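Below, each chain spelled out in residue letters.
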Amino acid sequence: FPSVREGYRCGFIAIVGRPNVGKSTLMNHLIGQKVSITSKKAQTTRNRVTGIYTCDTAQFVFVDTPGFQTDHRNALNDRLNQNVTEALGGVDVIVFVVEAMRFTEADRTVMKQLPPHTPVILAVNKIDKDKAKDKAALQHFIDGIRAGFDFAACEVVSAKHGLRIANLLETIEPFLPEGIPLYPDDMVTDKSARFLAMEIVREKLFRYLGEELPYAMNVEVEQFDEQEGINHIYIAVLVDKENQKPMVIGKGGEKLKKISTEARLDMEKLFGCKVFLKVWVKVKSGWADDVRFLNELGL
Ligand code: GDP
Ligand code: MG
Ligand code: K
């Protein structure tokens with residue numbers, strides 16, 4: 001644990017926003033490690049991932065929430081959103097992420113459900129984009145959002161390019177309560193290495209299968225152990241039907257090879273050691289309906 005001086009702060013931060021504004025990318029940059037998967041598709045973050053950033057003055061504990069349902073209103077979505085709002089009431093500060101120059105109905109849905117008694121920082125992301133280059137227009141865009149909610153502070157960032165991330169941390173810090181750190185200073189997440197390995201493979205599947213992604217697909221760690229400094233990781237990709245296998249494997253196994261190579265490189269970087277990774281595809285039928293149900297529950 002870091003040595004604690006008087007005035008040390010430690011607290012919980014939730015990152016919220018509609019799908020694809022860059023929450024996962026932002027969290028990875030905030031903690032300087034890839035713990036949350038990112039992709040162009042919405043809803044890739046199914047699990048709550050905690051990221052931890054520790055410095056000499058504070059420990060920041062981030063929760064990447066599963067997110068508000070922003071697509072349509074129904075009883076189930078309302079209920080899920082109510083749960084998210086309640087969960088958010090328990091954090092010390094919320095970072096509400098929006099995309100520069102693009103504020104949609106989905107953004108408004110999230111903003112409307114922010115809990116009333118927790119400070120919210122507005123983070124305007126993707127300022128690297130051309131449409132955000134006009135400073136006056138950007139300021140006008142920000143003023144428009146700030147008119148609709150009482151934000152505690154505002155920052156502009158580019159998560160993808162790591163711009164102004166330190167400024168955002170500085171803005172968050174005073175909202176954290178004084179207290180001793182909850183986690184060791186070299187800990188970046190409370191998720192297990194098994195879980196992270198699975199998430200990395202899931203991310204590559206999303207990236208390389210694109211529109212062909214089978215709806216009912218899951219990833220399972222079959223083996224995970226260390227031998228002589230090398231992590232041996234065996235991961236099965238589960239599909240519902242035999243005819244979905246080729247979609248994942250690709251011509252001559254090309255797709256699966258790309259997926260496992262990229263996943264292995266990410267794992268080596270994250271775990272800081274050599275990785276032997278084997279990914280293969282298995283058919284597990286009669287299982288899709290369960291998955292569909294869980295997806296509907298946002299799990
Ligand atoms: P989430 O759904 O809110 O977690 O969003 P992700 O972090 O998965 O990002 C969605 C997409 O936006 C990905 O393609 C990211 O690479 C992209 N993205 C995230 N941050 C930035 C940014 O600062 N600039 C640009 N140009 N793209 C970004
Ligand atoms: Mg995400
Ligand atoms: K996403």
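Within each chain, residues carry numbers counting from 1 in the order of the written sequence. Here the convention is simple: chains get letters from A, ligands get numbers from 1, in the order in which they are written. It should be noted that, the model being predicted, local features are given only for residues of pLDDT at least 70 and side-chain atom pairs only at 80 or more, the latter also being counted only at that level, while totals for whole chains, interfaces and linings use all residues. The side-chain values count all of the structure's non-hydrogen atoms but skip hydrogen atoms and water molecules.

With that settled, the discussion passes to the packing of aromatic side chains. Geometry of aromatic contacts follows a simple scheme: Phe, Tyr and Trp rings, the Trp one being its six-membered ring, pair when their centres are within 6.5 Å, and the pair is stacked under 30 degrees between planes, edge-to-face over 60, tilted otherwise. Inspection of the entire model under this criterion finds six aromatic pairs. Taken together, a centroid distance of 6.4 Å and an interplanar angle of 70 degrees make the contact between tyrosine 234 and tryptophan 280 edge-to-face. A residue pair is termed long-range when its members are at least 10 positions apart, and tyrosine 234 in strand S8 (residues 230–239) and tryptophan 280 in strand S9 (residues 274–283) qualify at 46 residues. Each member of the aromatic cluster is reached from another via a ring pair, and the members are Tyr53, Phe60 and Phe62. Put simply, DSSP marks the helices as runs of H or I at least four residues long and the strands as runs of E at least two long, and each gets a number from the N terminus on.

In this section: the site of ligand 1. A single heavy atom is enough: if one lies within 4 Å of a molecule or strand, its residue is considered near that molecule or strand. As a matter of local geometry, ligand 1 sits amid 17 residues, with Asn20, Lys23, Ser24, Thr25 and Asp128 nearest to it. Between ligand 1 and glycine 22 there is a distance of 3.0 Å, counted from an oxygen atom to a backbone nitrogen or oxygen. Alanine 159 has a polar backbone atom sitting 3.0 Å from an oxygen atom of ligand 1. Exposure was quantified through the Shrake-Rupley algorithm and a 1.4 Å probe, taking into account, for residues, occlusion by the shown protein chains and nothing else. Compared with its free state, where it exposes 580 Å², ligand 1 has 89% of that area covered by protein. The greatest single-element share of the shell around ligand 1, amounting to three residues, is contributed by helix H1 (residues 23–31). Here the nonpolar group is Ala, Val, Leu, Ile, Met, Phe, Trp, Tyr, Cys and Pro; Asp, Glu, Lys and Arg are the charged ones; every other residue, Gly included, is treated as polar. Looking at side-chain class alone, the shell around ligand 1 contains three nonpolar, eight polar and six charged residues. Two N or O atoms count as a polar contact when they lie within 3.5 Å, although within protein this holds only if one can serve as hydrogen donor and the other as acceptor, and sequence-adjacent residues are included solely when both atoms are side-chain atoms.

This part covers the packing of helix H6 (residues 193–209) against helix H8 (residues 254–271). All axes here are fitted lines through C-alpha atoms, helices being fitted over the stretch that makes contact, and every angle between N-to-C directions spans 0 to 180 degrees. Orientation of H6 relative to H8, taken along the N-to-C sense of each, is 140 degrees, at an axis distance of 9 Å. With respect to H8, the axis of H6 lies oblique. For the pair H6 and H8, the crossing hand works out as right-handed. For the pair H6 and H8, contact is made by Ala193, Leu196, Ala197, Ile200, Val201, Glu203, Lys204, Leu205, Arg207, Tyr208 and Leu209 and by Lys255, Lys258, Ile259, Glu262, Ala263, Asp266, Met267, Leu270 and Phe271, respectively. Broken down by class, the residue content of the contact of H6 with H8 amounts to 13 nonpolar, no polar and seven charged. An angle counts as roughly parallel when it lies under 35 degrees, as roughly antiparallel when it exceeds 145, as roughly perpendicular when it falls between 65 and 115, and as oblique in every other case. Here is the rule for handedness: rotate from the far helix to the near one, and if that takes an anticlockwise turn smaller than a right angle the crossing is left-handed, while a clockwise turn gives right-handed. Whether two residues are in contact is decided by their heavy atoms, any of which lying within 4.5 Å being enough.

Turning our eyes to something else, we now look at the packing of H1 against helix H5 (residues 165–172). Where H1 meets H5, the closest approach of the two axes is 10 Å, and the angle between their N-to-C directions is 85 degrees. Between H1 and H5, the angle is such that the two are roughly perpendicular. Contacts from Leu26, His29 and Leu30 in H1 reach Ile165, Leu168 and Leu169 in H5.

Next up on the list: H6. The end-to-end C-alpha distance of H6 is 24 Å, a good match for the 24 Å that 17 residues give at a rise of 1.5 Å each. When a residue's accessible area, from a 1.4 Å probe over protein chains only, is under 20% of the maximum for its type it is buried; when over 50% it is exposed; and in between it is partly exposed. Burial within H6 is extensive, with 12 of its 17 residues counted as buried. For H6, the complete set of buried residues consists of Phe195, Leu196, Ala197, Glu199, Ile200, Val201, Arg202, Glu203, Lys204, Leu205, Phe206 and Leu209. A positive phi of about 50 degrees marks glycine 210, the residue just after H6. How far a helix is expected to stretch is found by multiplying one less than its residue total by 1.5 Å.

Strand order in this open sheet of three strands is S7-S8-S9, and the pairing throughout is mixed. The open sheet has two edge strands with one neighbour each: strand S7 (217–227) and S9. Geometrically, the sheet is characterised by an average inter-axis angle of 15 degrees between neighbouring strands, direction not taken into account. Strands in contact with H6 are S7, S8 and S9; relative to S7, the strand with the most contacts, it is inclined by about 135 degrees. Here a strand pair is declared whenever DSSP counts at least two bridges between the two strands.

With a phi close to 65 degrees, methionine 101 is a non-glycine residue in the positive phi region. Examined against the element boundaries, methionine 101 turns out to sit in the loop between strand S4 (93–99) and helix H3 (105–112). Judged by relative accessible area, which is 28%, methionine 101 ranks as partly exposed. Within the chain, arginine 164 stands out as a residue other than glycine whose phi angle is a positive 60 degrees. Mapping arginine 164 onto the fold places it in the loop between strand S6 (153–156) and H5.

Whenever Lys or Arg places a side-chain nitrogen within 4 Å of a carboxyl oxygen from Asp or Glu, that contact is recorded as a salt bridge. Scanning all chains against the criterion turns up 18 salt bridges. Its salt-bridge partner being arginine 108, residue glutamate 105 comes within 3.8 Å of it at the nearest N-O pair. Of this pair, glutamate 105 and arginine 108 both sit in helix H3, three residues apart, which is roughly one turn of the helix. A relative accessible area of 36% means that arginine 108 is categorised as partly exposed. The partner of lysine 204 in a salt bridge is glutamate 203, and the shortest N-O contact between them spans 3.1 Å. Just as lysine 204 is buried, glutamate 203 falls in that class too.

This part takes up the confidence of the model for the protein chain. The quantity known as pLDDT measures the predictor's confidence residue by residue, on a range of 0 to 100. For the protein chain, per-residue confidence averages 84 on the pLDDT scale, and 85% of positions sit at 70 or higher. Here residues 42–47 is a poorly scored stretch, pLDDT under 50, and it has 22 contacts once near neighbours within four places are set aside; other chains count. Two summary scores accompany this predicted model of the complex, namely pTM at 0.72 and ipTM at 0.98.

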